[in-house]
Amino acid sequence: MINKLKQAINLYLIQYAIDAILRSKSKSLFITIIFTFLTFLLTSIFFITNSVKHELNTTVDALPQITVQKIKAGRHYDIDISIVDEILEITGVEDAIARVWGYYYFENIGVNFTIVGINQYEKQYKDSFEKLIQKVDIDELNENSSMIVGHGVKQAMEKGYYLQNYFNFIKPDGSLKKVNIAGVFDAQTQLESNDMIIISQEQARDIFDISEDMATDIVIKVANPQEIDTIVSKIKLQYPDTRIITKNDLKVSYQNIFDYKSGIFLAIFIISLFTFFMIIYDKSSGLTSEEKKEIGILKAIGWTVDDVLKEKFYESFIISFISYLIGIIFAFIFVYLLQAPLLRDIFVGYSQLKTTFELPFVFDFQTLFLVFFLSVPIYIAATIIPSWKTATLEADEAIR
Amino acid sequence: MILSPEVLSILILDVIFLFFSLIALILSIKIFLNWDINSTSKTQYKLEKQSFLTATIIKYIFAIKLPLFLFFIFTLDKISSVLTGAMCAAGVVDATQYGTYLFILKILNIYIFGFWLLIHHLDIKDEHLSLTKAKFGFFIFAFFIFVSEIILELTMFLAIDIDKMVSCCGTLYSNSATSYISNIFLIDTPILLTLFYGNFIVIVISYFMKKKYIFTLANFFFLIISIISIISFFGTYIYELPTHHCPFCFLQKDYYYVGYFIYTSLFLGTFNGLATGFINKFNISMIFNIIFTLLISAYPIIFYIKNGVWL
Amino acid sequence: MIKIKNVSKIYTINKNNTVTALNNIDLNFKEGELIVLKGASGSGKSTILSLIAALSKPTTGEVIVDDKRISKLPDRFASLYRRENIGFIFQKYNLIPTLSVQKNILLPLVPSNPDEQEAQKKLEIVMKKFNISHKKDAIVRNLSGGEQQRVAIARAHINDPKIIIADEPTANLDEKLSIHFIEILKELKSTNKTIIVATHDPLFFDLDFVDKVIEVYNGNIVS
């Protein structure tokens, strides 16, 4: 068995190929460096998108299964709280909670922060909030006109407003509302909590001028996730002026945004690959008289055209595969150890705030195969015609 | 339209394949029309050189096609998570009218290319290169089937609409389905199993008696019967569910990707079995056929040992 | 053993320009003979060598070696024929300078993927015969001219060929090395191999162990 394997792989030929690669050091090195760089870039991009996608999916998982918003004239409007009771009557609905929240624009920093109003006597729609109200007394926050903010918010306030302990919100009617910063928020994932401000529901209503019988939207928890779509259609029937977003919709749209972004980079990559293809073709076509002679000698001493082709193939494969491996290893180091400086900003830019989160290690075999197919076969394709031209040189003329 | 990175990479390689196979086609036509081994003209020498290029291109395409096919299935699986209703690759294949044909074409082309390589292997061993003309004529024919696959692949990926609901394999591969697949379930299980194992025994016997043509024929039928048996009987034991017949689901992580092993051994076994008509591949074929049969039979047997009953 | 029948070799440079390297020649060599092809460069003697080595095909005529028509063999078979039957000694040795002695000598065997032990055995025999064993791992470009010569000859013998072909073997050598080569040639003569040397070096023309001296002039056989 081993003999058959030994027969299939010609170690002598591989050795010769390695020697040949080392013989033209500068050319080989040049190609290897470029190719390694390309695979490195590509792999890094995929690693980053995978990680951010993972972070995002974890975030989305924590989002409500169904969100109901009121739509008037195609725009989002405050929704009636009385709807909650009616929704609770639909079979399969485990819970329906009215939310009061919104975005507040901080002019000096040029950024939107999310303000979430919490009513601690009601059931929370998020586990992290449940935990929060156990640690923090929202009533106390309310009495002292205070809020709890995310890390990013605190930093931004210090930078943009030189404020340490409080902020003056401007209400819709123009008056100011001073709110103290009581503490910093610590949630399940870093992406979401960074730009969030937690406040009592009463205060939120005050800042956004939402009356007591209204809410920003209603989130629904369903006992059996398979029934989400049925319940959605029931709600749609009862309340035709609402827009209903399911968790799955969000997941799909995130995935598409990511594919879109990575699609752009892939397009750029294709162009560079094409350029690279041309370079390789050019480099492998130009044979010095020295190299031509070598082929002539090989054929004179009994190498067939197929033998030469095989040897050239080994050369291409060795170079491309090693570049591929090195590229992947560098990408690993760059993305997960160095946290991908420069590159990650392109992908995390979906929020204005520069989030300071760690790229989680998400390992995906498929990515490695993907990068392989985008690199090695293309390199080898570029060498097909040049290798053939070399292998079919007339030995006769070459040795004279 | 689905243009995930995986799909894009498949399409990029398709473009490369198209480009090179066109070169191969032009050369094949030239060779087919002008080849004359006894001529000493410059044209003939040029053609001899060009035959190497064509062979190299075809070898390249074939070598990449094989792992690419597995990657293709992997990609379909990944797409299934964005298509509403699809839970495995079966849903994606069904998402457009092109899916099933594409799948069949892909497998067909692998066999066709493999067959070409076989002829090539025989040809170069012949001092008179007597098969060369036929070989390249065959490629001209193979080219059109290959190009159809590429066009179909492009069309399919462009036509997939993520908003459109697709049927899950549960409905596609059930007794109540109205497609031709449901005809599979008309066959009684004991009869099917007899055919399956009986076919296997014919393979084994013809192996020991070294009867080439019976071996080849038996392998051909074995391929067909195996696929039918997997859908109808063996699949249910992998899922341990009497109604789950999908031939794609067990390619997924949940089943330890066993699908890849099962199908790879089946294809390697039967392809080499078919090749034995021309060249001695008895041993390889036998090994993989045995691996396949053992693997696939293990599931019902282990199930019976664990539970004491059949499904 | 080697029959060249009515062979012409015409090179076409372009439509109107042709060069006749050989003009309807006939030659017959017996097994074990040592033949010297004498002629100036461009006379056609190198062409005869490449025809016998199946490195090129005649425009007309046939080349038959050991009752086998080698003139029309397709590339693969021509190369295999060369690998098994021909040992080539080139003008400038044509060794690969950056590789070791043993790698150079084994070069003809590489594509056939030989069993390691067998290959080593053959290597040792041939290195011993040409007195180069002690330089087994030395890089060829660091060797002296004489040593490189021996490596080239060793390489030509690794597959124990029936026919040895030497194309202008002393063209780039000084007198001492040329004489050295002729000494080796004398030894080789005793091995019953058919040896054909193409040269315009007068040192070869009056050797007593040479069986035939054939003069080639302008594509024709003169003597």
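Fair warning: this is a prediction, and the values are worked out from it, not measured in the lab.

A. Spotlight on the overall build of chain B. For chain B, the helix and strand inventory stands at ten helices and zero strands. Taken against the 2.2 N^0.38 rule, which gives 19 Å for 311 residues, the C-alpha radius of gyration of chain B at 22 Å falls within 12% of a compact globule. For the C-alpha atoms alone, the extent of chain B along its principal axes is close to 75 × 55 × 30 Å. Scored against the burial criterion, the 311 residues of chain B give a buried share of 41%. Sequence separation of at least 24 residues holds for 67% of the intrachain contacts in chain B that already meet a minimum separation of 6.

B. Fine view of the interface of chain A and chain C. The interface of chain A with chain C comprises 22 residues on the first partner and 21 residues on the second. When the residues that make up the side of chain A that touches chain C are grouped by side-chain class, the tally is ten nonpolar, four polar and eight charged.

C. Summary view of the nonpolar core. One finds Ile 52, Ile 105 and Ile 165 of chain C to be the most contacted residues of the largest nonpolar core, which totals 197 residues. At 15 residues, helix α2 (residues 42-79) of chain B tops the list of elements feeding residues into this core. Core analysis: the next-biggest nonpolar cluster, separate from the first, contains 38 residues, Val 116, Ala 156, Ile 197 and Ala 215 of chain A among them.

D. Molecular detail of the domain arrangement of chain B. All names here are of chain B. Domain boundaries assigned for chain B yield domain 1 (5-159) and domain 2 (169-307). Its C-alpha centre places domain 1 at a distance of 26 Å from the equivalent point of domain 2. Contacts between domain 1 and domain 2 engage 14 residues on the former and twelve residues on the latter. At the level of elements, α2, α3 (89-95) and α4 (99-124) are the ones that each hand at least two residues to the side of domain 1 that touches domain 2. Counting residues per element, the side of domain 1 that touches domain 2 draws most heavily on α4, at five residues. Here the residues of the side of domain 1 that touches domain 2 sort into nine nonpolar, three polar and two charged.

E. Structural view of unusual backbone geometry. Residues and elements named next belong to chain B. Within the chain, Lys 210 stands out as a residue other than glycine whose phi angle is a positive 55°. Turning to its location among the elements, Lys 210 is positioned in the loop between α7 (189-208) and α8 (212-239). Judged by the 11 C-beta atoms lying within 10 Å of it, Lys 210 is exposed. With a phi angle near 55°, Glu 240 is a residue other than glycine that sits in the positive phi range. Here Glu 240 lies in the loop between α8 and α9 (258-275).

F. Structural context of the environment of Phe 208 of chain A. Residues and elements named next belong to chain A. Turning to its location among the elements, Phe 208 is positioned in helix α9 (residues 201-208). Judged by local crowding, Phe 208 falls into the partly exposed class, with 19 C-beta atoms found within 10 Å. Here the alpha-carbon distance between Phe 208 and Val 100, two residues 108 residues apart in the chain, equals 9.1 Å.

So, how was this worked out
- Residues numbered from 1 in each chain as written.
- Chains lettered and ligands numbered in written order.
- Predicted model: local features only at pLDDT ≥ 70, side-chain atom pairs only at ≥ 80, totals over all residues.
- Helix = DSSP H or I, 4+ residues; strand = E, 2+ residues; numbered from the N terminus.
- Rg over C-alpha atoms; globule rule 2.2 N^0.38 Å.
- Buried ≥ 20, exposed ≤ 12 C-beta atoms within 10 Å, placed from the backbone.
- Contact = placed C-beta atoms within 7 Å.
- Nonpolar A, V, L, I, M, F, W, Y, C, P; charged D, E, K, R; others polar.
- Core = buried A, V, L, I, M, F, W, Y, C linked by C-beta atoms within 7 Å.
- Domains from an automatic or database assignment.

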